[in-house]
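Examining the three-dimensional arrangement
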Amino acid sequence: MATSASSSVSPRQPSLKLSLLSSKQSLSPVFSVPFNHGKRSLPRFVIVASGSGLSSKPTVLVAEKLGEAGLGLLKEFANVDCSYNLTPEELCTKISLCDALIVRSGTKVSREVFESSAGRLKVVGRAGVGIDNVDLAAATEFGCLVVNAPTANTVAAAEHGIALLAAMARNVAQADASVKAGKWQRNKYVGVSLVGKTLAVMGFGKVGSEVARRAKGLGMHVIAHDPYAPADRARAIGVDLVGFDEALARADFVSLHMPLTPSTSKMLNDETFAKMKKGVRIINVARGGVIDEDALVRALDSGIVAQAALDVFTVEPPPQDSKLVRHERVTVTPHLGASTMEAQEGVAIEIAEAVVGALKGELAATAVNAPMVPAEVLTELKPFVELAEKLGRLAVQLVAGGSGVKTVKVTYASSRAPDDLDTRLLRAMITKGLIEPISSVFVNLVNADYTAKQRGLRITEERILLDGSPENPLEFIQVQIANVESKFASAISESGEIKVEGRVKDGVPHLTKVGSFEVDVSLEGSIILCRQVDQPGMIGQVGSILGEENVNVSFMSVGRIAPRKHAVMAIGVDDQPSKQTLKRIGEVPAIEEFVFLKL
């Protein structure tokens, strides 16, 4: 049973200039002869552009201070340029010489930065969680992966939130300043107790949930609002998930832990403050922009908000004459949420590993402008990712000139339910395989759909639901290109499309069908496809020609219609044969057509 997926890319720009030659052949048995196997390489998601000069290492620009442990990891792999406090103009000048950029929250990575990189910048690493200082739309358009470090500073930020909560409740900062000024004002700085009070955690992600755990330990009743948080995770901590208005109305303390997005910008404003209990207390260790700071000053002056404790501000550092910072009932710190020695080193290591991994071409679990695929899913799909890209490369190389590649259908056969198989990563790699061999465009997980749209390439997906155990994510992947001519007529299926199909066997991608012919050849190195008259000695003849030219054969497979009829031979080779070698193969009388395909 097949169900069509909705993910497709519609044409807008002129199509890829590549072209219907139909041929009907029946399915055939497969005859395989294994040869020695070479090492296989994993798919590359990012191609590193090396700088000029003798070094082939990539260059990483570190624009804000990073822990020594992270710098050490970077220096093992890349040339590292630590240039802090760059102006926007200086950053744009430097970036064309860099393959990766690492920033914290103080550097704006704007569209101009990506434009100035001239396509060389492949990875931006944000040392921390928030990415509001990076233009994600521009990064995606330019094919640049953006990764962050979402876990290393989680505990530090949560601890700082609890520290501000307790310090505010007991007037620690104000009392400290008073005593140091020679005063002893015990009656002025009477605080409030935390036990039995209601804390509303606004944003129940990693940091918010850790704050909730600690607040529960202080004897507080914790509620939370987050439209995306799973209820079972909240229940496990003993937290009630409630609506936005209910959270504000019930809270004695409000702790903010949401990202800064258009929907959260100035989320706390005159209107929302009016929905709160009189005397509520606000803690913000998330982003300054989620609070309308002028509205907060008005709420403090009117008594709606009794106190506020702020680690972040709309503008950092805030103006010296800021009414909010100078307000007597406001406790402030200079964005110290992640500022513990342990967190700084942890963030440095986490972002360095993410950037180096991306430059090596590894799958990035912390990518923020690409489909977020859990690490365990990435591990499971890795061999199928390699298969997907290579099937795309094979299919497009079989296309001859003509009206252009416009429509590609990808079929996934699996025993898993559609909801259990996320194919976005596979589609991106098929797109990469289809486009890169016939253009100068670099395609990765980030910009695959965008690039296909720009080139008028429409990719549709279909799933075949199989009976059986869902232990393996996929049985096979099939790629079909419609309305084109083929360099290899036998690659045309019964329905008139170029068709290639593959499976993963023992962790290795295999080509298992070309057109209507079944074959079985490991997708390593490159492949020679030959259509021949099925007769004795063909494997020996072709193998001898390749052997005489010192071309190592890794695998050979023959699929045929019936004995002594037509057959397709697929030969895996480690090296690219010379034109003379290919010519000799073509001159074998029983070979009717052949094609060399580079993987």
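Residues numbered from 1 in each chain as written. Predicted model: local features only at pLDDT ≥ 70, side-chain atom pairs only at ≥ 80, totals over all residues. Heavy atoms only, no water.

If you check an unreviewed UniProt entry, the protein chain appears there as D-3-phosphoglycerate dehydrogenase from Melia azedarach.

To continue, consider the overall build of the protein chain. Within the protein chain, the secondary structure is distributed over 18 helices and 24 strands. Burial statistics for the protein chain: of 599 residues in total, 52% are counted as buried. A total accessible area of about 26400 Å² is found for the protein chain, and carbon and sulfur atoms account for 52% of it. (Helix = DSSP H or I, 4+ residues; strand = E, 2+ residues; numbered from the N terminus. Buried < 20%, exposed > 50% of the residue type's maximum accessible area, 1.4 Å probe, protein only. Areas by Shrake-Rupley, 256 points an atom, 1.4 Å probe, with all protein chains shown as cover.)

Time to look at the nonpolar core. With 53 residues, the main nonpolar core has Leu 398, Val 408, Ile 477, Ile 481, Leu 511 and Leu 529 as its most contacted residues. It is helix H14 (residues 375-397) that contributes the most residues to this core, ten residues altogether. Counting residues in hydrophobic clusters, the runner-up holds 28 residues, among them Ala 200, Val 242, Val 254 and Ile 291. (Core = buried A, V, L, I, M, F, W, Y, C linked by side-chain atoms within 4.5 Å.)

A word on helix H5 (residues 154-169). Its 16 residues place the ends of H5 23 Å apart at the C-alpha level, agreeing with the 22 Å of an ideal helix rising 1.5 Å per residue. In the stretch just after H5, Asn 171 is the one whose phi turns positive, near 55 degrees. (Expected span 1.5 Å × (residues − 1).)

This part takes up the packing of helix H1 (residues 68-77) against helix H13 (residues 341-360). Interaxial distance between H1 and H13 falls to 7 Å at its minimum, and their mutual angle equals 20 degrees. The angle between the axes of H1 and H13 places the two elements in the roughly parallel class. Here H1 and H13 pass one another in a crossing that is right-handed. Side by side, H1 and H13 meet where Glu 68, Ala 69, Gly 70, Leu 73, Leu 74 and Phe 77 of the first sit next to Glu 345, Ala 348, Ile 349, Ala 352, Glu 353, Val 355, Val 356, Leu 359 and Lys 360 of the second. Here the contact of H1 with H13 is built from residues that sort into ten nonpolar, one polar and four charged. (Axes fitted to C-alpha atoms, helices over the stretch in contact; angles between N-to-C directions. Parallel < 35°, antiparallel > 145°, perpendicular 65-115°, else oblique. Left-handed = near helix turned anticlockwise from the far one by under 90°. Contact = heavy atoms within 4.5 Å. Nonpolar A, V, L, I, M, F, W, Y, C, P; charged D, E, K, R; others polar.)

With that settled, consider the pattern of salt bridges. According to the stated counting rule, one finds 25 salt bridges in the structure shown. Note that Glu 549 is salt-bridged to Arg 584, the shortest N-O span being 3.5 Å. Of this pair, Glu 549 sits in the loop between helix H17 (538-548) and strand S22 (553-560) while Arg 584 sits in helix H18 (residues 579-586); the two residues are 35 residues apart in sequence, bridging distant segments of the chain. With relative accessibility at 26%, the residue Arg 584 sits in the partly exposed group. (Salt bridge = Lys/Arg side-chain N within 4 Å of Asp/Glu carboxyl O.)

Pairing between the strands of a sheet comes from backbone hydrogen bonds, and it takes one of two forms, parallel or antiparallel. Spatial ordering of the open sheet is given by S10-S9-S8-S11-S12-S13-S14, a layout of seven strands whose pairing is parallel. Every interior strand has two partners, whereas the edge strands, strand S10 (240-241) and strand S14 (330-332), have only one. Relative to strand S11 (residues 253-256), strand S8 (residues 198-202) runs parallel, the two sharing four bridges. Across the sheet, residue Val 201 finds its bridge partner in S11, namely Ser 255. (Pairing = 2+ DSSP bridges.)

On the basis of which strands lie adjacent, the open sheet formed by five strands has the order S4-S3-S5-S6-S7 and parallel pairing. In this open sheet, the two strands that pair with only one neighbour each are strand S4 (79-82) and strand S7 (145-148). With direction set aside, neighbouring strand axes in the sheet form an average angle of 20 degrees. Two strands pair when backbone bridges link them, and strand S6 (residues 123-126) and S7 are joined in this way by four bridges, in the parallel orientation.

Mapped onto the elements, Val 134 comes out in the loop between S6 and helix H4 (136-141). As for Val 134 and Arg 111, which are separated by 23 residues in sequence, their C-alpha atoms are 8.6 Å apart. If we skip the residues at most four places from it in the chain, Val 134 touches Val 109, Phe 114, Val 124 and Val 146.

On the secondary structure map, Asn 284 appears in strand S12 (residues 280-284). For Asn 284, the side chain forms a polar contact with the main-chain nitrogen of Ala 286, separated by 2.9 Å. A polar side-chain atom of Asn 284 sits 3.1 Å from the main-chain carbonyl oxygen of Arg 287. With residues near it in sequence (within four places) discarded, Asn 284 still touches Leu 256, Val 290, Ile 291, Ala 309, Leu 310, Asp 311 and Val 312. (Polar contact = N/O pair within 3.5 Å; in protein donor to acceptor, adjacent residues only side chain to side chain.)

Burial of S8 is extensive: five of the five residues sit out of reach of the surface. In the sheet, S8 pairs with strand S9 (residues 221-225) via five bridges, with the strands oriented parallel. When the sheet's bridge partners are listed, Met 202 is paired in S9 with His 225. Read as a crossover between parallel neighbours, the route from S8 over helix H7 (residues 206-217) to S9 is right-handed. (Right-handed = clockwise from strand over helix to strand, strands pointing away.)

All right, on to the environment of Ala 306 then. By the element assignment, Ala 306 lies in strand S13 (residues 305-310). Measuring from C-alpha to C-alpha, the distance between Ala 306 and Val 330 comes to 9.1 Å, with 24 residues separating the pair along the chain. If sequence neighbours within four positions are ignored, Ala 306 has contacts with Gly 279, Val 280, Arg 281, Leu 300 and Arg 329.

Take Thr 331: it is sitting in strand S14. Apart from residues lying up to four places away in sequence, Thr 331 is in contact with Leu 164, Met 168, Ala 173, Gln 174, Ala 308, Ala 309 and Leu 310.

Our focus in this paragraph is the confidence of the model for the protein chain. Considering every residue of the protein chain, the mean pLDDT works out to 84; 87% of them sit at 70 or more. This model gives residues 1-55 a pLDDT under 50, and the stretch forms 184 contacts once residues within four places in sequence are excluded. (pLDDT = per-residue confidence, 0-100.)

What follows concerns the packing of H5 against H7. With their axes 8 Å apart at the nearest point, H5 and H7 run at an angle of 50 degrees to one another. On the basis of their axis angle, the class for H5 and H7 is oblique. Considering how the two elements wind past one another, H5 and H7 form a crossing that is right-handed. Of the residues in H7, those touching H5 at Thr 154, Val 155, Ala 157, Ala 158, Glu 159 and Ile 162 are Lys 206, Val 207, Glu 210, Val 211, Arg 214 and Ala 215. In the contact of H5 with H7, the residues fall into seven nonpolar, one polar and four charged.

On to unusual backbone geometry, then. In this structure, the amide linkage connecting Glu 316 to the following residue, Pro 317, adopts the cis form with an omega of -5 degrees. In this structure, Pro 317 sits in the loop between S13 and helix H12 (323-326). Not every positive phi belongs to a glycine, and Asn 483 is a case in point at roughly 60 degrees. We classify Asn 483 as partly exposed; its relative accessible area is 48%. We note that Asn 550 has phi near 60 degrees; this positive angle belongs to a residue other than glycine. Along the chain, Asn 550 turns up in the loop between H17 and S22. Given the relative accessible area of 68%, Asn 550 is considered exposed.

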